[in-house]
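Given next are the chains, with one letter for each unit.
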Amino acid sequence: MKRFLSCLAAVMLILATTIPGSAATLADTLDIYFIDVEGGKATLVVTPTGQSILLDAGFPGEGKFDSRPGDPAKARDAQRVLAAARDAGLSRIDLMVVSHYHADHFGGVMELAQLIPIVEYMDHAAPSEAAEARVPGTLALYHDYVALRSRAKHRPAKVGDHFSVGDVTVDVVASGGKVLSSPLPGGGERNAACTGPAVPAQEVTENPNSTAVKLTYGAFSYLDVGDLSGDPLHALACPVNLVGQADVYNVAHHGGADGADPALFAAVQPRVALFSNGAYKGAEAATLNTVRELGISGWQMHRSERPGVQNMPDARIANLDTTTSAWIRLSANRDGSFTVTNGRTRETMTYPRR
């Protein structure tokens, strides 16, 4: 019996240490953590088989555009991402997707990598001198990032790439200013909502280069476009819907006015629109109004303090002010049904399959 128990313990140890990215019990759901990084963006995706994808990692240091990476123990956003990873039972990040090279999206990567191993990075080509001129410090952060990335696997983002992370499929739908040349399954229809040109991008050097991905688990799908805006965002929906439907859409550019075009929402037909906004950034009136008028269930990371904004109900806002840093957690089933939980209140809303 003693030998049997020893063998059983050894088998359990092997099983625990060979589950990719996690020592936790395998789950039945795809879990997505929308992490509060105060108007930046960081979204952690955990597959049912224990792998993980991190879509951006927030700001460096104390959380400003001119902040530099420093002590990871004091790094606000890296610590918040780590807290979500620990909640999910992760021991590493399998794929780090950097949408683009603005500090509010990739600045936290350098500190995070000192807190939890990152196996592979995916990103677009280097930022331009014009990007540096518009946002000073962009190239310095990028060089820090390249030095870090050189010590791990690197997957250049290529539009049209289709691959799996565990039991989740990833489609790269835009990157480097380019978009799909042919529609994904479920797309291909002409979009009657395309009635005009693209809404101009508010930032023209890096945002339109954002790497955008669609994740699919069974009948559930999630669209994350980073700060994609201007012509590339418009081209995903007009004149033909290239991406098909998605159950959940992380609204472009934190829900800025350049993400308000109804044509994209008409193409994707999301049941939930998520705003990765801050109290004074993103979730602009035009975009919130578009979501509300189309009858989409909108969720905000923060209540907006911008004048003239009509926020979503408090039950669908994770943080009513900057004294809290609650996340929003989504759990999706293979049949396409899912729940969304407000980390501040622990209240959960259920969305049935289509």
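Look up: the structure comes first, before these words.
Since the model is a prediction, treat every value here as computed from it, not as a measurement.

## Brief notes about the state of the cysteines
What the rule picks out here adds up to one disulfide. The side chain of C194 participates in a disulfide bridge whose partner is C238; the two sulfur atoms lie 2.0 Å from each other. The chirality of the disulfide connecting C194 with C238 is left-handed, given an S-S dihedral of about -90°. Linking C194 in the loop between β9 (178-179) and β10 (212-217) with C238 in the loop between α7 (231-237) and β12 (248-250), this pair joins segments that are 44 residues apart in sequence.

## So, helix α2 (residues 76-87)
The end-to-end C-alpha distance of α2, which contains twelve residues, comes to 17 Å, matching closely the 16 Å that a straight helix rising 1.5 Å per residue would cover. Close packing links the buried residues of α2 with β1 (30-34), β2 (43-46), β3 (52-55) and α4 (109-112). G89, located one to two residues past α2, shows a positive phi value of around 75°.

## Here's the deal with the pairing of strand β13 (residues 272-275)
Residues V272 and L274 point to one face of β13 and A273 and F275 to the other, with burial holding for every one of them. On the question of chirality, the crossover connecting β12 to the parallel β13 by way of helix α8 (residues 262-268) is right-handed. With four bridges joining them, β13 and strand β14 (residues 297-302) adopt parallel strand pairing. The residue bridging A273 from the neighbouring strand is G298, located in β14. Each parallel crossover has a hand, and for β13 linked through helix α9 (residues 285-293) to β14 it is right-handed.

## Here we look at the sheet that holds strand β17 (residues 338-342)
Here we have nine strands laid out as an open sheet, ordered β6-β5-β4-β3-β2-β1-β16-β17-β18, and mixed in their pairing. In this open sheet, the two strands that pair with only one neighbour each are β6 (153-156) and β18 (348-351). In this sheet, neighbouring strand axes are inclined to one another by 20° on average, regardless of whether the strands run parallel or antiparallel. Inspection of the sheet shows β1 paired to β2 by four bridges, in the antiparallel sense. Note on β2: the bridge partner recorded for Y33 is L44. The sheet contacts of helix α6 (residues 138-149) involve β5 (118-123) and β6, and relative to β5 the element is tilted by about 135°.

## Remarks on the packing of aromatic side chains
Under the counting rule described, the total for this entry stands at twelve aromatic pairs. With a centroid separation of 5.4 Å and 90° between ring planes, the pair formed by F59 and F65 is classed as edge-to-face. Centre to centre, the rings of Y101 and Y142 are 4.8 Å apart; their planes meet at 70°, and the pair counts as edge-to-face. With Y101 in the loop between β4 (93-97) and α3 (103-106) and Y142 in helix α6, the pair connects residues that are 41 residues apart, well separated along the chain. In textbook terms, an aromatic cluster arises when at least three aromatic residues are bridged by ring pairs, as seen for Y101, F106, Y121, Y142 and Y145. A cation over an aromatic ring shows up here: R155 above the ring of F163, its NZ or CZ 3.9 Å from the ring centre.

## Some details on unusual backbone geometry
Of the consecutive residues C238 and P239, the connecting peptide bond is found in the cis state with omega at -5°. Tracing the sequence through the fold places P239 in the loop between α7 and β12. The backbone phi angle of H253 is positive, close to 55°, even though this residue is not glycine. Among the secondary structure elements, H253 is positioned in the loop between β12 and α8. Exposure remark for H253: the relative accessible area of 13% places this residue in the buried category. Phi is positive for R346, which is not a glycine, with a value near 70°. Along the polypeptide, R346 turns up in the loop between β17 and β18. Relative accessible area serves as the criterion here: at 63%, R346 is assigned to the exposed category.

## Describing the side chain of T287
Positionally, T287 belongs in helix α9. Judged by relative accessible area, which is 0%, T287 ranks as buried. Those residues in contact with T287 that sit more than four places away from it in its chain are V251, G255, G256, A257, G259, A260, F265 and F275.

## Topic: the side chain of T138
In this structure, T138 sits in helix α6. For T138, the residues in contact, after removing those within four places along its chain, are Y101, F106, P127, A131 and E132.

## With respect to the pattern of salt bridges
Tallied over the entire structure, the rule returns 17 salt bridges. A salt bridge links K41 to D224; its shortest N-O distance comes to 3.1 Å. One end of the pair, K41, is in the loop between β1 and β2; the other, D224, is in strand β11 (residues 220-224), and 183 residues separate them in sequence. For R68, the salt bridge identified is with D144, shortest N-O distance 2.7 Å. Residue R68 is found in the loop between β3 and α2, and its partner D144 is found in helix α6; the two are separated by 76 residues along the sequence. Accessibility expressed as a relative area gives 30% for D144, which makes it partly exposed. By sharing partners, the salt bridges in this structure join D31, D87 and R329 into a single network.

Cut-offs and rules
- Residue indices begin from 1 for each chain and proceed along its sequence in written order.
- The predicted origin of the model limits local features to residues at a pLDDT of at least 70 and limits the giving and counting of side-chain atom pairs to 80 or more, whereas totals for whole chains, interfaces and linings rest on all residues.
- Computation of side-chain values: all heavy atoms of the structure, hydrogens and water removed.
- Throughout, a disulfide means two cysteine sulfur atoms within 2.5 Å of one another.
- Helix numbers and strand numbers start at the N terminus; a helix is a DSSP run of H or I with at least 4 residues, a strand a run of E with at least 2.
- What a helix is expected to span follows from its residue count: subtract one and scale by 1.5 Å.
- The contact definition used throughout considers only heavy atoms, calling two residues in contact when any of these lie within 4.5 Å.
- The cut-offs for exposure are 20% and 50% of the maximum accessible area for each residue type, with area from a 1.4 Å probe on protein chains only; residues under the lower value are buried, those over the upper are exposed, and the others partly exposed.
- A crossover gets the label right-handed when its path from the first strand over the helix to the second runs clockwise, viewed with the strands pointing away from the viewer.
- By definition, two strands form a pair when at least two bridges between them are found by DSSP.
- For every element, the axis is a line fit to its C-alpha atoms; helices are fit only across the contacting stretch, and the angle between N-to-C directions ranges from 0 to 180 degrees.
- Each pair of aromatic rings taken from Phe, Tyr and Trp, with Trp reduced to its six-membered ring, is defined by centres within 6.5 Å and is described as stacked if the planes are under 30 degrees apart, edge-to-face if over 60, and tilted in the remaining cases.
- Charges are assigned to positions over rings by a cutoff of 6 Å between ring centre and Lys NZ or Arg CZ, combined with an angular limit of 35 degrees from the ring normal.
- Salt bridges are counted wherever a side-chain nitrogen of Lys or Arg sits within 4 Å of a carboxyl oxygen of Asp or Glu.

These results come straight from atomic positions and should not be treated as a statement about function.
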